[in-house]
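# Observations on chain architecture
One letter stands for each residue in the lines below.
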Amino acid sequence: MSHEVSNLLLVQFSEFVAAHMGLHFPAERWPDLRRGIRSAAPEFGYTDEVACVQRLMSAPLTRHQIEILAGNLTVGETYFFREKRAFEVLTERILPELIQSRRGGEQLLRLWSAACCTGEEAYSLAITLRRALPDLKEWQVTILATDVNSRFLQKAATGVFGEWSFRDAPAWLKEQYFRREEGNRYAILPEIRQMVQFEHLNLAEGSYPSLLTDTNAMDLIFCRNVLMYFAPTQSQRVVAQLHRCLVDGGWLALSATETAIASPQQFAAVNFDGAILYRKCERPQSPVVAPVPPVAWPVPVAEPQRVASPPLAPDVPDMIQSTRELANQGRLAEALALADKLVMAEKLNPVAQYLRAMIVMEQGALPEASKALQRAIYLDHDFVIAYFALGNLARNAGRMKEAGKHFKNVLNLLHRYQQDDILPESEGMSAGRLAEIIHSMREGAPVS
Ligand SMILES: C[S@@+](CC[C@H](N)C(=O)[O-])C[C@H]1O[C@@H](n2cnc3c(N)ncnc32)[C@H](O)[C@@H]1O
């Protein structure tokens, strides 16, 4: 027999959900929370909702449990070119300036749809960028799309959509970028599909910004229609972390509703005649100005590390820190120059090799990154995150057997850690979380 969850238990569970997923359920949203529990309980194997809630709260949530909860507690409503004005501003103002400032240099552009749901927003960004950039092939473009709900991500990755996703889309969208399939379904063209990389990321966790989750040095982040479900303190924390993910002069877009309720203090709000976007810069400035001169980068929160390493000379930690900061800002050439110096000065330091690997990886020099990671592992056989990076490189290149070998090493090394231990050099990744990521990769999920 299923018992009704008492109000007291509901208070505790709503706090638990807020802490693990950011989602805010004040008393007026308790009916939604009760509905979510009712539909989630059978997925957790419970007929009794009280027992289910008590069991969930008895230990830290696993990624699988978070995914089930996300599927039942979050709203998966989205469509192409939602809030058109933001995309017009992108086309008319932001992208032209960004493209102009990068053309002839490294020609890098990095966009992120955080809380992408089933992918319509990320593909809208990809299409907008494609239309703005006739020589797209000459550019290194990253469009990262993340969500806490793996089912949404799996659907997004198929690139097939029904009519409802086009409810407010311009007429040219289907004609130019989709192929019609049976049953009024539309498949996005492969060249657009390939522009977007879908990954699992829980905004309530501290796994960003990070080179490891590729969430650093973003030029533009769309994080829309998700923070309105978060508790104010959680949403402020997310905004602060997103701020650190952006390059100086980078942009954050919230939805119109969120803009009305939150005014991120760290940003300059720029009003584009009907759409407000937030720009990362020290001083408020007029819309779309010439590139902002670099300012002091906020120092990332020191990451806790459990494994003792030999003490480093103070100038070495300084160099490591500066290299990381430059890389996080997307100043890759400068970061590499410093990493090279570090490697020369600290020939036996595995962290120096690892940092260098991450930088050259971001520059697209994958064989060089692989060599640097191997050197890091040669210097420290227990360097778990370096094995993981090496495994990812092999996996992305389709060398699945080699990837499997590296991931097996990771899992073996993880036995030495407690679930909640933060792994060295991982920028906040816990041992338990990494184990889950690897298990889900092995099960063939399209997300990491
Ligand atoms: C209403 S959709 C927004 C989709 C899209 N950004 C848009 O504006 O159309 C909200 C999305 O937020 C996701 N979400 C909820 N909590 C999250 C969290 N803690 N981390 C990441 N995504 C989350 C949900 O899974 C859902 O896909």
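Nothing here was measured: the structure is a model prediction, and the numbers come from that model.

### Digging into the overall build of the protein chain
Along the protein chain, the regular secondary structure elements total 18 helices and 10 strands. For the protein chain, the proportion of its 448 residues judged to be buried stands at 42%.

### Comments concerning the site of the ligand
Close contacts around the ligand come from 25 residues, with Thr78, Ala115, Cys117, Leu203 and Asn225 the closest. Its residues assigned to classes, the shell around the ligand comprises 12 nonpolar, 8 polar and 5 charged. There are two domains that each give the shell around the ligand at least three residues, and those are domain 1 (7-73) and domain 2 (84-279).

### Focus on the domain arrangement of the protein chain
Parsing the protein chain into structural domains produces domain 1 (7-73), domain 2 (84-279) and domain 3 (315-442). The C-alpha-based centres of domain 2 and domain 3 are spaced at 27 Å. At the junction of the two partners, domain 2 supplies 12 residues and domain 3 supplies 13 residues. Tallied by class, the residues present in the side of domain 2 that touches domain 3 amount to 5 nonpolar, 5 polar and 2 charged.

### Remarks on helix 1 (residues 7-21)
Helical geometry: 3.6 residues make up each α-helical turn, so side chains three or four residues apart lie on a common side. Between the first and last C-alpha of helix 1 there are 20 Å, a value that for 15 residues agrees with the 21 Å anticipated at 1.5 Å per step. Buried within helix 1 we find Phe13, Val17 and Met21. Along the axis of helix 1, the buried positions cluster into a sector of 40°, meaning they face one direction only. Where helix 1 is buried, its residues meet helix 3 (49-57) and helix 4 (63-73).

### Remarks on the sheet that holds strand 3 (residues 160-162)
The strands that make up a sheet pair up through hydrogen bonds in the backbone, lying either parallel or antiparallel. The 3 strands lie next to each other as 3-5-4, forming an open sheet whose pairing is antiparallel. Both outer strands of the open sheet, strand 3 and strand 4 (178-181), are each paired with one neighbouring strand and no more. Averaged over all pairs of adjacent strands, the angle between their axes in this sheet comes to 35°, without regard to strand direction. Judged from the 3 bridges that link them, strand 3 and strand 5 (residues 185-188) form a sheet pairing that is antiparallel. Within strand 5, the residue paired with Phe161 across the bridge is Tyr186.

Criteria and thresholds
- As a convention, each chain's residues are numbered from 1 in the sequence order in which they are written.
- With the structure being a predicted model, the display of local features is reserved for residues of pLDDT at least 70 and the display and counting of side-chain atom pairs for 80 or more, all residues being used for whole-chain, interface and lining totals.
- Numbering of helices and strands runs from the N terminus; a helix is a DSSP stretch of H or I covering at least four residues, while a strand is a stretch of E covering at least two.
- Counts of 20 or more other C-beta atoms within 10 Å of a residue's own C-beta define buried residues, counts of 12 or fewer define exposed ones, and intermediate counts define partly exposed ones; C-beta atoms are placed from the backbone.
- Working rule for contacts: place C-beta from the backbone, and if it is within 6 Å of a molecule or strand, that residue counts as near it.
- Three classes are used, and their members are as follows: Ala, Val, Leu, Ile, Met, Phe, Trp, Tyr, Cys and Pro are nonpolar, Asp, Glu, Lys and Arg are charged, and the others, Gly among them, are polar.
- Domain start and stop points were drawn from an automatic or database domain assignment.
- By the convention adopted here, residues make contact when the C-beta atoms placed from their backbones lie within 7 Å.
- Helix span is expected to be 1.5 Å times the residue number reduced by one.
- When we speak of the arc, we mean the arc of directions from the helix axis to the C-beta atoms.
- Each pair of strands is called paired provided DSSP finds at least two bridges between the two strands.
- Between the N-to-C directions of two axes lies an angle of 0 to 180 degrees, each axis being a line fitted to C-alpha atoms and, for a helix, fitted only over the stretch in contact.

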